[in-house]
Amino acid sequence: MRQRYRGTSTTDKIALWALVVTAIGLASPTVVSAWQKVFPADSATLLVEPNEQACLNRWYVPGSDPSFSAQVARANPDQLAQWVREGRAVHAGVLEAAVTVHGDAGSSVEVRDISVTVTRREKAAPGTVTGIPGCGSGPDEPSYLAVDLDTLPLNQPVPAAYLLRSPQQKAARQLETEQGQSVSLPHTVDEGDFYSLFLIGRTERYDTRWKATITWWDGKDIHRRTLSGRDGKDLRVIPTGDNPSG
């Protein structure tokens, strides 16, 4: 099973992850109750999984502790997720999250928009940025929506239509093409099917907290859901310090 999973495309891995989480939820009444509070009966289920692989990220560590920085650079995703929740490690430069939409209704749903809102922006406190060389990637070309957060207004949702054409987001769109392809909206998700994409927020200047909102139509009503981190808090990314003007 492990070998088959390693040979699976990125998009299929996300879909598989979604199925596993659903199966776990069905096995426990407590988890089912929690699942229903997070994802009430609706026409689509949304799953968000921040990328917390050590070798695919750089990390900001508050203060100066070389031994802890070395631990962060080589920690497993579960440990990193815990340190992120505790504020002991923060994504540096770029935060990437896998977003999966699962069609639950008796008919297809249409994903119409993904808007991004910067909710807090402040000067980054002194700290250490750590990381190790990347662990490589497969030949997949999934859809990406990359956002240069520094250019966005504060506390105002910015729609994908703007992000995909604004001159201020040109560098972010170049990142999308380097990684795979830009998202194309609207996108129809058939009943029981999955639509997976990667959402990337990056900063060169600020300690930034942000969130995204996905909008879809089920043939009758418009629905909106906020995408945030595992703990329900806004996503957070801090500059690496590589840019002298940051």
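Residues numbered from 1 in each chain as written. Predicted model: local features only at pLDDT ≥ 70, side-chain atom pairs only at ≥ 80, totals over all residues. Heavy atoms only, no water.

**Some words on the environment of Val111**
So the rule is basically this: Secondary structure elements follow DSSP: runs of H or I of four or more residues count as helices, runs of E of two or more count as strands, with numbering from the N terminus. Only protein chains enter the accessibility calculation, which uses a 1.4 Å probe; a residue whose area is less than 20% of its type maximum is buried, one above 50% is exposed, and one in between is partly exposed. Residue contacts are defined here by distance: any two heavy atoms, one from each residue, within 4.5 Å place the two residues in contact.
Considering the arrangement of structural elements, one finds Val111 in strand β5 (residues 109-122). On the accessibility criterion, Val111 (1% relative accessible area) is buried. Distance in space between the C-alpha atoms of Val111 and Trp216 is 4.2 Å, their sequence separation being 105 residues. What Val111 contacts, discounting residues up to four positions off in sequence, is Val101, Leu185, Pro186, His187, Val189, Tyr195, Ile214, Thr215 and Trp216.

**As for the confidence of the model for the protein**
Our working definition: How sure the predictor is of each residue is captured by pLDDT, a score from 0 to 100.
When pLDDT is averaged along the protein, the result is 78; 76% of the residues meet or exceed 70. With pLDDT under 50 throughout, residues 1-41 is counted as low confidence; its partners more than four residues away or in other chains account for 35 contacts. Taken as a whole, residues 136-140 scores under 50 in pLDDT and shows four contacts with residues more than four places along the chain or in a different chain.

**Focus: unusual backbone geometry**
A cis geometry characterises the amide bond from Leu185 onward to Pro186, with omega recorded as 5°. On the secondary structure map, Pro186 appears in the loop between β8 (181-182) and β9 (187-189). Residues other than glycine seldom take positive phi values, yet Asn155 does so here, at roughly 60°. For Asn155, the position within the fold is in the loop between β7 (143-148) and α6 (160-163).

**Focus on the side chain of Asp207**
Selection criterion: Nitrogen and oxygen atoms within 3.5 Å of one another constitute a polar contact, given that in protein one can donate a hydrogen and the other can accept it, and given that sequence-neighbouring residues count only through two side-chain atoms.
Locating Asp207 in the fold gives a position in strand β11 (residues 207-217). Since its relative accessible area comes to 3%, Asp207 is described here as buried. Only 2.8 Å separates the side chain of Asp207 from the side chain of Arg236, close enough to count as a polar contact. In this view, Asp207 contacts Arg120, Arg121, Glu122, Lys123, Ala124, Arg236, Val237, Ile238 and Pro239; residues no more than four positions away in its chain are not counted.

**Brief notes about the pairing of strand β13 (residues 235-238)**
Put simply, the test is: Criterion used throughout: strands pair if DSSP finds at least two bridges between them.
When strand β3 (residues 90-92) meets β13, the two strands line up parallel, connected through two bridges. Residue pairing across strands places His91 opposite Val237, the latter belonging to β13. Bridge analysis of β11 against β13 gives three bridges, and the strand direction is antiparallel. Directly across from Trp210, in β13, lies its bridge partner Leu235.

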